[in-house]
Every structure is written in structure tokens, then in C-alpha cells.
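Okay, here's what each chain looks like letter by letter:
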Amino acid sequence: MEGVDKEKVQRIVYEMSKGSQYFKNEERKEAFFREKIENMRARCAKLKPADLAHYQTVADKIILELEATRDLSRIWVHVDMDAFYAAVETLSDPSLKGKPMAVGGMSMISTANYEARRFGVRAAMPGFIARKLCPELIFVPTDFKKYTYYSDLTRKVFEKYDPNFVAASLDEAYLDVTEVCKERGTTGEEIARELRAGVHDETGGLTCSAGVAPNRLLAKVCSDINKPNGQFILPNDRMAVMTFISSLPVRKIGGIGKVTEHILRDALGISTCEEILQKSSYICALFSHSSADFFLSVGLAIGGTDTPQVRSRRSISNERTFSATGDEAFLFCKLADIAEMLSTDLQKEGLRGRTLTLKLKTASFEVRTRAVTSQKNICSTEDIMKHASKLLKAELPVSLRLIGLRLSHFDEEKVGAPSDPTQKTLTDYMLSGDALRKNMGDQSSLDLDSTDHCMMHGEETYLSKDGHQTSSCDYRDPLDENHLSNLDDSKSTSGNFEEKEEIYESTSNANAEKMNANDSQNEDNVQDVVPPLLGPGYSFPAQFEGSSLDRVSSVTKTLGYVASSSVSQKEFLLWVNDYKCSICGIEMPPSFVEERQEHFDFHLAEKLQKEESGTDFKTCVLKKRNVPKDHIASQRKHKKQKPSPKEGKHIPIDVFFVKSNQNF
């Protein structure tokens, strides 16, 4: 896009979007970024010379440790297809060659060819703005089946040079060609040229650009230098590497986006990678350990050199953007298309899952996620659509511009991880608890005819007075900092599910997407059914959906607990400086999402047992029940005969279920 009149483009974008929901959302995010930058400036001003000297010592130590890990023995190639979607469409329709063209529609475009980019048209730009910049612009609808087909052709070429290549997306990949160069007695430059020619021949005319460097971080930067249809070689020499990185703008580095670029530039005056090392003391003083390590490794041009280990997939998702609409027929039609695509991907991978998450982006750019967990594993379009349609129906009427579906909680046997035969299910625990209770002589029973809740053999449902199964879902406006509970938009979903389901939901904050040092991320708020034994008003954070949230939610529902309010996760588990656990002191960076989830589960389980052993169950808020007086007396008499567990000891979970059921 060199030579583009950027001021003209920015002026047109501003005029065309001013007053729109997108513009308002961008203003909210911009206000949050400015506040974050001002806070960081204030923290910089408070740093005394002694503080900076201390942090400089810390930075020097980290730099020495990072320098010791530098590896110049590998040859990495990053291959990036040139305007991939647009090039595929041009290959299919040669009449588009030489004309400004974009893949997408008036609401949003996925990519644009190089003729259109000269007018300032780019990916992720609304189509109506792109048409204003380039009146002759031709729109072509997306065809992901076609793009996947050509992507598979390119990967056949990649496998010839590195069977373990890392596919970053449909149109880019990382290849370690060290061994190929040794076997053939050639250089990375020759391999890159040969590989690019192979891609062109295999696909029938598609071109790609390549970057050759000692590590993946540098290879990605190099592949962008001589685009399109070019390559750039960075020698495996420390002096050459440091010279190359010294004047490189920080935005060129993968993982540093627009937000992080503004923070580094406006708060610390850092624009190039070399300036990161010059102000390393401020980096260590203002960022978490993991973020500081990342920034300093960028300043040293040190990146990954080992082939990343293949990890089993934890989820598969599909989403599509379209013009904002409230047409229910269109929304359900789009949902069916996405469900079919998701099912195809699942069957291709041989996976089945239990937790289905629906992602919605409203016309005002508010992002919502709704999820349902089924007891059986699903992968078919019919099963996915059955659950997804219920989640979507609960949100109507609503005007949407994006719908997405994600399936997780995969069947472990399908992905090759053997299940533990000694691991009991929740139902097994409940049944064993029933048997243990009978052996202990407890013959009491509740009058189910006068209650709103029933439980049979570990399976449970919530019944309303008219006999229909319901699940109450309470959510709040993410822009309301007080999180008022009496919102007008609270909703409920109902239906007759064939199997047990736990329904929970979250609403992301459309006001300001909380950013970490690497880039912007949405931060969800959630309010769910929680047990009083976790403490009054406790709630689960949205990022833990699909893990112990399912298990704990199922346990608390089975025991009949109902919560009346919620507070934030930080009141239970606070990450000091966004990386250090306030409970046990362990350090865990924000990017370790799964590890943080497991760590939260561990402390939650501890809290569950501690609270249970000392909680007065009489204070729990339960639904009204009619229990015979002789039954209550029998329970009290039976409780007095039971020896209480020793203080500070955890009771077995089997006994926990028995004791809990007896109290209710």
C-alpha cells in the first residue's frame, strides 16, 4: 500500500463511519486506550532513580539469560500467499485480472487484490467505505470450500520440504528447512525459490512470498519485505540479525498490534525494536514478567527455533460476518450454514464434543456468548443445530452482524487420549452416595409433589409450576459498572431437552476490550447458578466455561442450590500485576489461558471443601419445600450420631454428597 494517500483515506473513513455504531464502539475503545496510556505515564513519572537502577539490573539479567538461548543453527522459512482469497478468485475468473477487486460484501471485506489496495482498500474494512475509496471496486462473495482446496494444494508442496511444517492459517506456514539444506548441500535462499515455484505450479498460477531467517519471529518479518511474489534472506549471523532488527518498527513484529504499538510509543517513546533495549528498565518496571520477557526477546531478535509440539485440539469453531439484520429467518438460515460447516470440520478431524458455544455480535458491536453442555457427544449438523437454535431463540429479537459456533469438550477416546478407568463420573458418585446412605439407615424422603425441584438417579431437571423444564439465565449490561441486578433485558430459555444439559452464559464488555501486552482481547462478564457454599454472591468468570464450571454447576444444581447475586472473580482469585496468584504466589502470564483455568479450578475445589466443612447450611437460600417434621427430627437425630470430621481435614467426596443430601 505504498504511495497511498493515507490522509485522504483516513478522512473518508471518518466521514463515512461518523455516527455509526461502529464509530461509537471505536470511540469507547479509544477512550479506554487513552486512559491506559495516561495511567502508564503516571506510573513512569513516579519511578525514582533508585527504582530505575533496580529494574535495570533485573533487565540486564533477563537479557543475559535470553542471549544464552540464541540459536543460529536453524534455517526457517515463512511462506505467505499473496492476497490469497483474491488470487484464488482471479484464478477462477481470469476476467478479474488487473481490476480492483475485493472478496466480501458491502458490510465487510475479507481481502483485496493489489489493484484495490492502491486506493487504500484493505482487509477488515466495511465494503461501503471501500466502494467510496474505489468506485470501480468489484465485490466477489467468499467461497471457503474453494480456498480450502487451494490451501491443501500448497500444503502438499510444504510437506516435501518439512513434513512437520506449522500451518499458521490457510495462506501461511512455517517450515524448518535445516535438514533439507544439509542433505542437498544448498542454501535457504535456493530452497525458498524452489518452494515458491512449486506452489505456483501445483496451484496453477498462485504466487507466494517467503522469508528466510534463523528463527520464526524473524522469518515472518522477512516474508513481508518483498511482497508480492518475492523473498528476503536474513543470514544466520548475529551482527546481521542485530543490524536488521535495530531500525525495525515494533508494529512489524507478530504479536504487537495497534494497541500495544500505541502504548509503547505514546507512554514510553518506543517506536523501534532497538529502543526496547534502550528503555529496558521501564519495560521491566511497567509490564509483567512474561510481557517483559517477550519485549526484550523482540529487542534481541530472539524467536522460536524448535518445531512446536503438536497439541490436541481443544475446540473447533466457525463464524461469519454479514450486514446487521434482525430478520429471524435469515439468522436461522445463517446459523444452519455455520452448523453444517462446523460439522464438516469435526467429521474431518474425527472429533465429537459436548459443549457448544454460540457467539453473537450485535449491531452495536456488543459481543455475547451463550453455551450449552450436553451429556452426550455430538458432531452432526442436526445435533449442533438443535442446541444452537435454542440458544439463538432465547436472544431474539436482536439485530446481529456476526454469528459463530464453537464445539469443545471433545471425547478423549476420539483424540487418542485413553480415559482413566478409575475415574468416577458424577452420577456414579451420587449413586454410590445413595447406596451408602441406605447402609447408614437413612430411610427418609422428601415430598416431591410439593416441590419445584426433582432428582432421580443422578439425573436432574428444574420444573416450573406448569411442569415445563426451565433454566433461568440472568445477564447484565456490560457497560454498567455497578452491575445492577434489576435489568430490563433479563431473559429465560425454556425447552424439553432429551438429555441433561447445563446452560450458562456470558456477556462481553463492548465498552472496552481489555488488552494485554500482546494485543486486544475481549473480557467476558458472567452470572451463573452457583452454590451458596462458595460464599454469598460468588460467580464464575466466563473464561472458565467448558471446564470445571460444568462439573461444579452440575454438582450445585444436583444439590439444589440457588444463588441470588454475583461478584467478580477477582474477589476470589486475584492475579497481582496480571500474572501472580494472590492465593499461592505462583506466576502465570495472561497468555496461559488453559493453565490459569486449571489453577482456578484447584483453588475453587479447595474453597469448596473448606466452606462445606464449616458452613451452616441453615443460612442457605433454598426454594420452598414442604418437609414432614418427623423427617427433620430424624435427620437431626441422625446428624448428632455422626462423628464430625477433624478440623482442617478434607472429607471424601462420597461423604460430601451424602452429607449434603441429608441436610436438604
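Residue indices follow the written sequence of each chain, beginning from 1 at its first position. Per-residue local features are limited, in this predicted model, to residues with pLDDT of at least 70; the limit for side-chain atom pairs, both in listing and counting, is 80 or more; totals at the level of whole chains, interfaces and linings are taken over all residues. Just so you know, side-chain values use all the structure's heavy atoms and leave hydrogens and water out.

Participant: Explain the sheet that holds strand β8 (residues 231–233) to me, and be specific about the residues and the numbers.
Facilitator: Paired strands, in this sense, are two strands between which DSSP finds at least two bridges. Strands here mean DSSP runs of E at least two residues long; helices mean DSSP runs of H or I at least four residues long; both are numbered from the N terminus. Strands sit in the order β5-β6-β1-β7-β8 across an open sheet of five strands; the sheet is mixed. Edge positions in the sheet fall to β5 (166–169) and β8, since each of these pairs with one other strand and no more. Recorded for the sheet is a direction-independent mean angle of 15 degrees between the axes of neighbouring strands. Where strand β7 (residues 208–213) meets β8, three bridges bridge the pair, whose relative direction is parallel. In this analysis, axes come from line fits to C-alpha atoms, helices being fitted only over the stretch in contact, and the angle between any two N-to-C directions falls in the range 0 to 180 degrees.

Participant: For the packing of aromatic side chains, give the residues involved together with the corresponding values.
Facilitator: The criterion for an aromatic pair is that two Phe, Tyr or Trp rings (for Trp, the six-membered ring) have centres within 6.5 Å, with stacked assigned to planes under 30 degrees apart, edge-to-face to planes over 60 apart and tilted to the rest. The final tally for this structure, using the stated rule, is 11 aromatic pairs. These aromatic residues form a ring-pair network of at least three members: Phe-84, Tyr-85, Phe-144 and Tyr-147. A ring is scored as having a charge over it whenever the NZ atom of a lysine or the CZ atom of an arginine sits within 6 Å of its centre and within 35 degrees of its normal. The ring of Tyr-114 has Arg-117 sitting right over it, with the charged end atom 4.7 Å from the ring centre. Lying across the ring of Trp-76, Arg-216 places its NZ or CZ 5.0 Å from the centre.

Participant: Now, about a nonpolar patch on the surface: what can you tell me, with residues and values included?
Facilitator: Without a salt bridge and with relative accessible area above 30%, a residue can belong to a patch; like charges are then joined within 9 Å and nonpolar side chains (Val, Leu, Ile, Met, Phe, Trp, Tyr) within 5 Å. Note on areas: Shrake-Rupley with a 1.4 Å probe; residue coverage comes only from the protein chains shown. What makes a salt bridge here is a side-chain nitrogen of Lys or Arg within 4 Å of a carboxyl oxygen of Asp or Glu, nothing more. Together, Met-16, Met-106 and Phe-128 give the surface a local cluster of nonpolar side chains, amounting to about 240 Å² of exposed area. Counting through the fold element by element, Met-106 comes out in the loop between β2 (101–104) and β3 (109–112). For every residue, the accessible area obtained with a 1.4 Å probe (protein chains only) is divided by the maximum for its type, and the residue is called buried under 20%, exposed over 50%, and partly exposed between those limits. Here Met-106 falls in the partly exposed class, since its relative accessible area comes to 41%.

Participant: Explain helix α11 (residues 238–246) residue by residue, including any values.
Facilitator: The set of residues buried in α11 consists of Val-241, Met-242, Phe-244, Ile-245 and Ser-246. In what follows, residue pairs with any heavy atoms lying within 4.5 Å of each other are defined as contacts. Of the surrounding secondary structure, the elements contacted by the buried residues of α11 are α10 (216–223), β8, α13 (273–278) and α15 (289–299). N-cap assignment for α11: the residue whose side-chain oxygen lies 3.2 Å from the backbone N of Met-239 is Asp-237. Under this definition, polar contacts are N or O atom pairs within 3.5 Å; protein pairs additionally need one hydrogen-donor-capable and one acceptor-capable atom, and for neighbouring residues in sequence, both atoms have to be side-chain atoms.

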